[in-house]
Amino acid sequence: MGSLLSVSDIKDDVRYILDLASKIKAGEIEDKPLEGKTLAMIFEKSSTRTRISFDVGMYQLGGRAIFLSSNDLQMGRGEPIYDTAKVLSRFVDGIMIRAKKHSDVEELARHSEVPVISGLTDLEHPCQSLADMLTIKEHLGGWEGKKICFVGDGNNVCNSLLLISPLLGMDMSVACPKGYEPDEDILKTAKEYAEENNTEITITDDIGVALENVDVVYTDVWVSMGDEEEAAQREIDFAPFQVNADLMSLANDGAIFMHCLPAIRGQEVTADVIDGDQSVIFDEAENRMHAQKAILYYYLKS
Ligand code: CP
Ligand code: NVA
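Residues numbered from 1 in each chain as written. Chains lettered and ligands numbered in written order. Predicted model: local features only at pLDDT ≥ 70, side-chain atom pairs only at ≥ 80, totals over all residues. Heavy atoms only, no water.

A. Expanded view of the layout of surface pockets. What the largest pocket holds in volume is close to 580 Å³. Around the largest pocket, the lining is made up of 34 residues, and of these Lys45, Leu120, Asn156, Ser224 and Met225 lie nearest the centre. For the lining of the largest pocket, the secondary structure elements donating two or more residues are helix H2 (49-60) and helix H6 (156-167). Counting residues per element, the lining of the largest pocket draws most heavily on H6, at three residues. Grouping the amino acids of the lining of the largest pocket by side-chain chemistry returns nine nonpolar, twelve polar and 13 charged. (1 Å grid on protein atoms, 1.4 Å probe; cavity = no way out; pocket = protein on both sides within 12 Å on 5 of 7 lines; lining within 4 Å. Points joined across faces, edges and corners; volume = space filled by probe spheres on them. Helix = DSSP H or I, 4+ residues; strand = E, 2+ residues; numbered from the N terminus. Nonpolar A, V, L, I, M, F, W, Y, C, P; charged D, E, K, R; others polar.)

This is the structure:
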């Protein structure tokens, strides 16, 4: 069955998983499909949405989740990832992990005998992007021919959106300062997906160009977990990229505003935008659970 470390891992099944998420949200699946199943959840970084939505999601599907802070695991004292993968595989049916280094999650998945699901690394946030696409479908009626603009840091959230958007027929632009572009390898793959699906990807530091014909304006924090030492410089570099009413006015009428959360009002987004009529942030947060229930069903159901 494999693991979910990148959107690329579900390239051919993205639509299937999102359809499943809509069905699950509508209550159209059997009762307790994951009865008797256990998910281990390892966290090396803080989390509100990911932790709670996976935990509640497993419970609602009839299974259970175990929260494991990496500090409390022997892994936090240096037990090899290899041994951790082998041992957890004897106990649980799946492993969800939020880690600092993407390469550590790749190593865990390589040695695990049960599916590994990434709940964010420094490179990607695939579960978030699935919830985002479910939200876009609900608010805009579909994906085909729509355009999403990510404003700000070409980070993990941006990378996963770059991969998933073309797979669903969406154009994507990224408005970022020079030096904060998305990951090069991800961009190369995303452009291949865009070519296969006749969609466009634009990376630019020109906000006017990026916001042309845009249906979804998306942003994320300027200082991600792990980037704290660069905070002062980032606040200077990203200041012109704040999502405010002026920037929103460049998008299409009826455009929606999205943010993975947590957000800092007055930094990457002004309060009038994130708390305004165009914002769908709490539907988006709720959809983390529906999308992840589909992921859990897809990976853990026998
Ligand atoms: N969006 C998101 O992943 O939120 P948490 O960090 O709270 O899990
Ligand atoms: N880019 C942010 C996302 C948090 C959900 C971070 O990595 O901290």
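B. Local environment of the site of ligand 1. By nearness alone, every residue bordering ligand 1 is listed as Ser47, Thr48, Arg49, Thr50, Arg98, His125, Gln128, Cys260, Leu261 and Arg288. Here an oxygen atom of ligand 1 and a side-chain polar atom of Arg98 are 2.8 Å apart. When the free accessible area of ligand 1 is taken as 260 Å², the share hidden by the protein chains comes to 96%. Put simply, ligand 1 lies in the largest pocket. Looking at the shell around ligand 1 residue by residue, the class counts come to two nonpolar, five polar and three charged. (Near = heavy atom within 4 Å. Polar contact = N/O pair within 3.5 Å; in protein donor to acceptor, adjacent residues only side chain to side chain. Areas by Shrake-Rupley, 256 points an atom, 1.4 Å probe, with all protein chains shown as cover. Sits in = over half its atoms within 2 Å of the grid points.)

C. Main features of the site of ligand 2. As a structural note, the neighbourhood of ligand 2 is formed by Leu120, Asn155, Asn156, Asp220, Ser224, Met225 and Leu261. Between Asp220 and ligand 2, the recorded distance is 2.6 Å, taken from a side-chain N or O atom to a nitrogen atom. Ser224 places a side-chain nitrogen or oxygen 2.7 Å from a nitrogen atom of ligand 2. Its free accessible area being 270 Å², ligand 2 has 95% of it covered by the protein chains. When atoms are counted within 2 Å of each cavity's grid points, the one that captures over half of ligand 2 is the largest pocket. For the shell around ligand 2, the per-class residue count stands at three nonpolar, three polar and one charged.

D. Molecular detail of the packing of aromatic side chains. Counted by the stated rule, this structure contains six aromatic pairs. Ring geometry for Tyr180 versus Phe238: centroids 4.5 Å apart, planes at 50°, classification tilted. With Tyr180 in the loop between strand E6 (171-175) and helix H7 (184-196) and Phe238 in helix H9 (residues 231-238), this pair connects stretches of sequence that are 58 residues apart. Here Tyr180 matches Phe238 in class, with each residue buried. (Phe/Tyr/Trp six-rings, centres within 6.5 Å; stacked < 30°, edge-to-face > 60°. Buried < 20%, exposed > 50% of the residue type's maximum accessible area, 1.4 Å probe, protein only.)

E. Looking closely at the pairing of strand E7 (residues 201-204). Where E6 meets E7, four bridges bridge the pair, whose relative direction is parallel. Along E7, the bridge assignment pairs Val174 with Ile203. The β-α-β motif built from E6, the intervening H7 and the parallel element E7 has right-handed crossover chirality. (Pairing = 2+ DSSP bridges. Right-handed = clockwise from strand over helix to strand, strands pointing away.)

F. Quick peek at the side chain of Asp220. Counting through the fold element by element, Asp220 comes out in the loop between strand E8 (216-219) and H9. Among buried charged residues, Asp220 stands out as having no salt bridge; its nearest opposite-charge side chain is Arg234, 8.9 Å away. Excluding its chain neighbours within four sequence positions, the residues that come into contact with Asp220 are Phe150, Val151, Asn155, Asn156, Val157, His259, Cys260 and Glu268. (Lys, Arg positive; Asp, Glu negative; His and termini not counted. Salt bridge = Lys/Arg side-chain N within 4 Å of Asp/Glu carboxyl O. Contact = heavy atoms within 4.5 Å.)

G. Up close: the pairing of strand E2 (residues 64-69). Bridging between strand E1 (residues 38-43) and E2 involves six bridges; their strand directions are parallel. Opposite Met41, over in E2, you have Phe67 as the bridge partner. The handedness of the E1 to E2 crossover, carried by H2, is right-handed.

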